[in-house]
Amino acid sequence: MALRSYCRQLAAQVARLKHCVNDCTRNASGSGLSLARIKPPHEPAGEFVRSSRWNRRPWHLCVSEKRPSGAAGVSSWTLAWGVLAFSLFGSSDERTEEQKLEDELILLLKKAKMANLAFVQGQLDNAEKLFKAAMSFMLSGGTPQDDNAVIEMSLKLASIYATQNKNELAEHGFQFCTESLEAKIEKQKELPPESLSDEERKDTRLLLGLSLDARAHYLAANHRFTGACRDYRHALQICQEEQGESHQQTLVLLSDLATVLDLQGKHDEALALVKKAVELGQGADHPAQHVLLGNMAGILMHKGEFEESSKLYQEALALAHAAGDGEAVEQLQEGLKELASRRDGNKPEEQDLKE
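Remember, it's a predicted structure, so these values are computed and weren't measured experimentally. (Residues numbered from 1 in each chain as written. Predicted model: local features only at pLDDT ≥ 70, side-chain atom pairs only at ≥ 80, totals over all residues. Heavy atoms only, no water.)

1. Overview of the overall build of the chain
(1) Moving on: Each helix and strand counted, the chain has 14 helices and zero strands in total.
(2) Moving on: Starting at the N terminus and ending at the C terminus, the chain contains elements arranged as α-α-α-α-α-α-α-α-α-α-α-α-α-α.
(3) Moving on: The long-range share in the chain, meaning contacts at least 24 apart out of those at least 6 apart in sequence, stands at 66%.
(4) Moving on: As displayed, the chain offers around 16700 Å² of accessible surface, 51% of which is attributable to carbon and sulfur atoms. (Helix = DSSP H or I, 4+ residues; strand = E, 2+ residues; numbered from the N terminus. Contact = heavy atoms within 4.5 Å. Areas by Shrake-Rupley, 256 points an atom, 1.4 Å probe, with all protein chains shown as cover.)

2. As for helix H14 (residues 326–343)
(1) Moving on: Compared with an ideal rise of 1.5 Å per residue, which puts 18 residues at 26 Å, H14 spans 26 Å between its outermost C-alpha atoms and is within 8% of the ideal.
(2) Moving on: Phi turns positive, to about 90 degrees, at Gly345, one or two residues after H14. (Expected span 1.5 Å × (residues − 1).)

3. Quick word on the pattern of salt bridges
(1) Moving on: The tally for this structure, following the rule as stated, stands at 16 salt bridges.
(2) Moving on: Among the ionic pairs, Lys189 bridges to Glu186, the shortest N-O distance being 3.0 Å. Highlighted residues: Lys189 and Glu186, both in helix H7 (residues 167–189), separated by three residues, approximately one helical turn.
(3) Moving on: By relative accessible area, Lys189 is classed as exposed at 59%.
(4) Moving on: Between Arg233 and Glu269 there is a salt bridge, with the nearest N and O atoms lying 2.8 Å from each other. Of this pair, Arg233 sits in helix H9 (residues 225–243) while Glu269 sits in helix H11 (residues 267–284); the two residues are 36 residues apart in sequence, bridging distant segments of the chain.
(5) Moving on: A cluster of three or more residues bridged by salt bridges with shared partners is formed by Arg201, Arg205, Glu241 and Glu242. (Salt bridge = Lys/Arg side-chain N within 4 Å of Asp/Glu carboxyl O. Buried < 20%, exposed > 50% of the residue type's maximum accessible area, 1.4 Å probe, protein only.)

4. Quick look at the packing of aromatic side chains
Centre distance and the angle of the planes are the two values used to describe a pair of aromatic rings.
(1) Moving on: Following the criterion strictly, the structure yields one aromatic pair and no others.
(2) Moving on: Where Phe174 meets Tyr218, the ring centres are 5.5 Å apart and the plane angle is 45 degrees; that geometry is what we call tilted. Remark: Tyr218 occurs in helix H8 (residues 198–221) and Phe174 occurs in helix H7; sequence separation between them is 44 residues.
(3) Moving on: Taking relative accessible area as the criterion, Tyr218 reaches 6% and is therefore assigned buried. (Phe/Tyr/Trp six-rings, centres within 6.5 Å; stacked < 30°, edge-to-face > 60°.)

5. Side note on the nonpolar core
The tendency in soluble globular proteins is for nonpolar side chains to be buried side by side.
(1) Moving on: Core analysis: the largest hydrophobic core is formed by 75 residues, its most contacted members being Phe131, Met153, Phe174, Leu257, Val260, Met296 and Tyr313.
(2) Moving on: Top element by residues in this core is helix H6 (residues 148–163). It accounts for 10 residues. (Core = buried A, V, L, I, M, F, W, Y, C linked by side-chain atoms within 4.5 Å.)

6. Digging into unusual backbone geometry
(1) Moving on: One non-glycine residue, Asn165, adopts positive backbone phi at about 60 degrees.
(2) Moving on: Considering the arrangement of structural elements, one finds Asn165 in the loop between H6 and H7.
(3) Moving on: Note on Asn165: relative accessible area 61%, which makes it exposed.
(4) Moving on: Of note, the phi angle at His223 is positive, near 65 degrees, even though the residue is not glycine.

7. So, the packing of H6 against H7
(1) Moving on: For the pair H6 and H7, the least separation of the axes is 7 Å and the interaxial angle reads 155 degrees. Of the possible angle classes, the one that applies to H6 and H7 is roughly antiparallel. For the pair H6 and H7, the crossing hand works out as left-handed. Every residue of H7 that contacts H6 at Asn148, Ile151, Ser154, Leu155, Ala158, Ser159, Tyr161 and Ala162 is listed here: Leu169, Ala170, Gly173, Phe174, Phe176, Cys177, Ser180, Leu181 and Lys184.
(2) Moving on: Grouping the amino acids of the contact of H6 with H7 by side-chain chemistry returns 11 nonpolar, five polar and one charged. (Axes fitted to C-alpha atoms, helices over the stretch in contact; angles between N-to-C directions. Parallel < 35°, antiparallel > 145°, perpendicular 65-115°, else oblique. Left-handed = near helix turned anticlockwise from the far one by under 90°. Nonpolar A, V, L, I, M, F, W, Y, C, P; charged D, E, K, R; others polar.)

8. Description of helix H10 (residues 248–263)
(1) Moving on: With 16 residues, H10 should cover 22 Å at 1.5 Å per step; its first-to-last C-alpha distance of 23 Å lies within 8% of that length.
(2) Moving on: Counting buried positions along H10 gives 15 out of 16 residues, so the element sits mostly inside the fold.

9. Regarding the confidence of the model for the chain
(1) Moving on: Scored by pLDDT, the chain has a mean of 75; 66% of the residues are at 70 or more.
(2) Moving on: The least confident element of the chain, judged by mean pLDDT, is helix H3 (residues 76–87) at 34; the most confident is H9 at 97.
(3) Moving on: pLDDT under 50 marks residues 349–355. Its contacts with residues more than four places away, or in other chains, come to 14 contacts. (pLDDT = per-residue confidence, 0-100.)

Below is the structure:
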């Protein structure tokens, strides 16, 4: 009975600590990886700027609200491993082992918390070291490499390397994340339904979607548009299936895919996608509706539909002012300047960006 009581207390403590880490991460100030941005139409077509957020929470909103997320760096193995270790000792050592287990859990959570804070604050060198330390701690305790917490940390490391232009490390990291998750999902399909909860299955698929989204951003930034479109389409499919047509992340992915298609000169296909995102965003009260409208205005400008483009730029600008999004305000104003230039017949030379 004493063991069961202790397990309940420990589980409650772990849940509280994980909630604390998640809340701290969500409330931290954004970095260059999480700022909402639109693609400035005034830039040369080869200049890719992300049109939306790189944000963990939208992908896992429906999961993290049901239970503490694995994003904090602690997965189900931790509690099971701790209880097993505790049960091997006699009652005379109960207090000692209890304290050791709590100390190890707290140490892991502190490392994960510090790593996440450094990551969202743009302290990438510190974040890299802390993520590596937390992953090492977990793997040495018996965590499998395809554990979602390990893969999520690997994904953040890959994003750090991409930002630092360490391309070989970035590509290896993205490949590890996507291939590990795809293999894991295939294995899960063979398991009896009762052995895997819908929540676990969904969490893994959403993490794959996030990994594809991050790799697509990296590929597009390096003008590898074919690969970026492939990953965006796959991520979009996952998001639509798991979170719905009107979910914030679904609309972000529609807009991002449209942005890449526009850069390839596929303006009609791009317009259809971004128009769908704008229409769904209006019904869902999307917080970055001005970003979606700005992207649509840019695509219309590239199609030569200047009057409609101007109307959307003005509407997006008003929403950006109301939202206090200074960065978007600047980019929308630049878009209006380019629109005026194109109207005057001073259209800049188009670059051939098709792969």
